[in-house]
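# Survey of secondary and tertiary structure
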Amino acid sequence: MRQILIAGNWKMNGSRASIRELLDGVKAGLGDVKSAEMAVCAPFPYLGDVQSQLNGSSVSWGGQDLSVEEKGAFTGETSASMLLDFSCKYVIVGHSERRTLYGEDDALVAQKYAVARKAGLKPILCVGETLEEREKNITEDVVARQIKAVIDLEGVSALADGVIAYEPVWAIGTGKTASPEQAQAVHAFIRSLVAEQDAGVAEKVQILYGGSMNPANAAELLSQSDIDGGLIGGASLKADDFLAIGKAAG
Ligand code: PGA
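Quick look at the structure, then. (Residues numbered from 1 in each chain as written. Predicted model: local features only at pLDDT ≥ 70, side-chain atom pairs only at ≥ 80, totals over all residues. Heavy atoms only, no water.)

## Comments concerning the environment of Q53
Following the sequence through the fold, Q53 ends up in helix α2 (residues 47-54). Since its relative accessible area comes to 6%, Q53 is described here as buried. Residues Q53 and A158, 105 residues apart in the sequence, show an inter-C-alpha distance of 31 Å. When residues no more than four places from it in sequence are discounted, the contact partners of Q53 are I19, R20, L23, D24 and K27. A distance of 3.0 Å separates the side chain of Q53 from the backbone oxygen of R20, its partner in a polar contact. (Helix = DSSP H or I, 4+ residues; strand = E, 2+ residues; numbered from the N terminus. Buried < 20%, exposed > 50% of the residue type's maximum accessible area, 1.4 Å probe, protein only. Contact = heavy atoms within 4.5 Å. Polar contact = N/O pair within 3.5 Å; in protein donor to acceptor, adjacent residues only side chain to side chain.)

## Things to note about the packing of helix α1 (residues 16-29) against α2
For the pair α1 and α2, the least separation of the axes is 11 Å and the interaxial angle reads 25°. With respect to each other, α1 and α2 are oriented roughly parallel. Both α1 and α2 take part in a crossing whose hand is right-handed. Contact residues: α1 offers R16, I19, R20, L23, D24 and K27, while α2 offers D49, V50, Q53 and L54. (Axes fitted to C-alpha atoms, helices over the stretch in contact; angles between N-to-C directions. Parallel < 35°, antiparallel > 145°, perpendicular 65-115°, else oblique. Left-handed = near helix turned anticlockwise from the far one by under 90°.)

## Thoughts on the environment of K112
Along the polypeptide, K112 turns up in helix α5 (residues 106-119). Judged by its relative accessible area of 4%, K112 falls in the buried class. The spacing of K112 and D161 is 49 residues in sequence and 13 Å in space, taken between C-alpha atoms. With residues up to four places along the chain from it excluded, the contact list for K112 reads D65, L66, V68, V93 and E104.

## So, the environment of I207
Mapped onto the elements, I207 comes out in strand β7 (residues 206-210). Along the backbone, I207 and I19 are 188 residues apart, and their C-alpha atoms lie at a distance of 27 Å. Setting aside residues no more than four positions away along its own chain, I207 makes contact with I164, H187, I190, R191, D226, I227, D228 and G229.

## Things to note about the site of the ligand
In the vicinity of the ligand there are 13 residues, among which K11, H95, E167, G173 and S212 approach most closely. In the model, an oxygen atom of the ligand is placed 3.4 Å from a nitrogen or oxygen of the N9 side chain. Within the backbone of G173, one N or O atom sits 2.7 Å away from an oxygen atom of the ligand. Within the complex, the protein chains bury 95% of what would otherwise be the 280 Å² of accessible surface of the ligand. The class makeup of the residues in the shell around the ligand is four nonpolar, seven polar and two charged. (Near = heavy atom within 4 Å. Areas by Shrake-Rupley, 256 points an atom, 1.4 Å probe, with all protein chains shown as cover. Nonpolar A, V, L, I, M, F, W, Y, C, P; charged D, E, K, R; others polar.)

What follows is the structure in structure tokens.
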């Protein structure tokens, strides 16, 4: 049985005050979350606050991106070692907002995956198709290309050290969720793609679903055999909703 992971992606939201309140709420309700691991991926400036508030709790934390560089003259960038300095466990790489708005391509995302993994962070590799790509029936090609970029650079065993998040771009922040059947089909495809190269890694790798997951649709999505958790944007900003999704994991 793969561990269920419910990871919040706060994106560029929150303030010191709102994050304090949010995490107080999350910590207070953790007793109801029986089996899922809960994690939050916070904006860089708040990682110190998140660390002090979550230290000693069962909630993990991480960043939303990282640099491929180790250190030096890279204004505005954040390195893997800086994330580790705040005891981050996870880091998101290749979120569709970074791919679309900041021009990150498969090769750069694969490099970020590699750098994070080598540093000892668990990269959460985001993949997913746009609406146009889905309508053209090339969802599997797109997702395969995005995952193969990591396999080509690092070998399939690298996937065992991270997490994959399938996030159909058309479902992110839109309120449109992939149906459990649509999501399960892509998750099963991803697992079979990995299994072609290594059945053991395929069995082990956690594949999260992301895109408008909320308390109302979480249980059905999470009950699918190849859905091992969620990457939660909007609903992770409300303690009750985030906890309800954690609870829905059973
Ligand atoms: P959403 O975002 O839950 O607000 O759709 C998910 C994500 O972008 O990771």
